[in-house]
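Report on the structure
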Amino acid sequence: MPVISFANAKGGAGKTTAALLLATEVAERGKTVTIFDADPQRWISNWSELPGRHPNIVVQSELSPATITEQVLEAAQERDYVIIDLEGTENLMVANAISVSDLVVVPIQGSSMDARGGAKILRLIRKLEEIVRHDIRHCVVLTRTNAAVTTRALKAVQDHLSTSGIDVLLTPIIERAAYRDMFEFGGGLATLDPRQVTNLDKARENAALFAAEVLERVQTRQARRWYDWFKKAS
Ligand SMILES: Nc1ncnc2c1ncn2[C@@H]1O[C@H](COP(=O)(O)OP(=O)(O)OP(=O)(O)O)[C@@H](O)[C@H]1O
Ligand SMILES: [Mg+2]
């Protein structure tokens, strides 16, 4: 089933956080998910050793650039979703993972508007599209945005990216303590204690909207594949 990777050549853009948010949201909805931890810092592998990991989530960290495509495609046959957390650089592992993805999500820090790393990955996606000879669907998610930022300011950033033909999620991932706490205490937003985590309800709402937008994109992608197949077959 769908393979979704998180990529941005710039470090600290929020790839690992966004990948884990999506994985935990999907697992809470009763779906099975394998996360490929291709980040040498192994944040997700370390998280999986903490208590509270949903039984629907499996973390795979034994990877190599030579085997990743096969491993991902194999997992995609068995699991409802495959999520890949990539390193903040541009290398063979990143290129191979992107080439077998149904959707590449590029997290870009909304507040700093530092889109250089993101632009690098967008260029890499274009190059890979020529090599693999099919479109690689991708979108940008603005991350770590200030909860107090006006929707108008955010809209301006989104419009700027959209006019360059980039698909930008309407939901930015807000800067929230809850997102850091998952890595400290384990589990997902559903298992964190609202008495100990500030604004947990707002974080849950934000994460659910983010996940819904991502899933909508892979579902339409799959629907299109079926449509293309049907058209060819008929
Ligand atoms: N929305 C957020 N709210 C609060 N903290 C966040 C958020 N997004 C990221 N962070 C924090 O910022 C730091 C970098 O985030 P993260 O590890 O997700 O980025 P990354 O793109 O995976 O980085 P790298 O390139 O090093 O792999 C981490 O300490 C993380 O906890
Ligand atoms: Mg990371």
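Named according to an unreviewed UniProt entry, the protein chain is AAA family ATPase originating from Pannonibacter tanglangensis.

1. Let's talk about the overall build of the protein chain
The helix and strand tally for the protein chain stands at eight helices and seven strands. Among the 234 residues that make up the protein chain, the fraction classed as buried is 50%. When contacts within the protein chain are restricted to residue pairs at least 6 apart in sequence, long-range pairs at least 24 apart make up 76% of them. For the protein chain, the exposed surface amounts to about 11800 Å²; the carbon and sulfur share of it is 52%.

2. Quick notes on the nonpolar core
In summary, soluble globular proteins display a tendency toward joint burial of nonpolar side chains. If you look at the biggest cluster of nonpolar residues, it comprises 38 residues, and the most contacted ones within it are Ile4, Phe6, Leu22, Leu189 and Phe210. Judged by nonpolar contacts, the second largest core, of 34 residues, contains Ala95, Val104, Ile136 and Val157.

3. Comments concerning a positive patch on the surface
A cluster of basic side chains, namely Lys120, Arg123, Arg126 and Lys127, defines a positive patch on the protein surface. Mapped onto the elements, Arg126 comes out in helix H5 (residues 116-132). According to the relative accessible area criterion, Arg126 is partly exposed, its value standing at 42%.

4. Observations regarding unusual backbone geometry
Positive phi outside glycine occurs at Arg42, with the angle close to 50°. Counting through the fold element by element, Arg42 comes out in the loop between strand E2 (33-38) and helix H2 (43-48). Owing to a relative accessible area of 35%, Arg42 belongs among the partly exposed residues under this scheme. Here Asn199, not a glycine, exhibits a phi torsion of approximately 55°, which is positive.

5. Points about the coordination of the magnesium ion (ligand 2)
Looking at the magnesium ion (ligand 2), one finds its protein donor set to be Thr16 (OG1) and Asp39 (OD), positioned 2.0 to 2.4 Å from the metal centre. You can see Thr16 sitting in helix H1 (residues 15-28) and its partner Asp39 sitting in the loop between E2 and H2, a full 23 residues away along the chain. An identical accessibility class is assigned to Thr16 and Asp39; each is buried.

6. A few points about the sheet that holds strand E6 (residues 138-145)
Pairing is parallel in the open sheet, where seven strands are placed in the order E3-E2-E4-E1-E5-E6-E7. Both edges of this open sheet fall to strand E3 (57-60) and strand E7 (173-174), since each of them pairs with a single strand only. In this structure, strand E1 (residues 3-6) lies alongside strand E4 (residues 81-86), joined through four bridges in parallel fashion. Bridging across to E4, Ile4 finds its partner in Ile83.

Reading guide: rules and limits
- Residues numbered from 1 in each chain as written.
- Chains lettered and ligands numbered in written order.
- Predicted model: local features only at pLDDT ≥ 70, side-chain atom pairs only at ≥ 80, totals over all residues.
- Heavy atoms only, no water.
- Helix = DSSP H or I, 4+ residues; strand = E, 2+ residues; numbered from the N terminus.
- Buried < 20%, exposed > 50% of the residue type's maximum accessible area, 1.4 Å probe, protein only.
- Contact = heavy atoms within 4.5 Å.
- Areas by Shrake-Rupley, 256 points an atom, 1.4 Å probe, with all protein chains shown as cover.
- Core = buried A, V, L, I, M, F, W, Y, C linked by side-chain atoms within 4.5 Å.
- Patch = residues over 30% accessible without salt bridge, like charges linked within 9 Å, V, L, I, M, F, W, Y side chains within 5 Å.
- Salt bridge = Lys/Arg side-chain N within 4 Å of Asp/Glu carboxyl O.
- Lys, Arg positive; Asp, Glu negative; His and termini not counted.
- Charge placed at Lys NZ, Arg CZ, Asp CG, Glu CD.
- Donors = N, O, S within 2.8 Å, 3.2 Å for Na, K, Ca; no water.
- Pairing = 2+ DSSP bridges.

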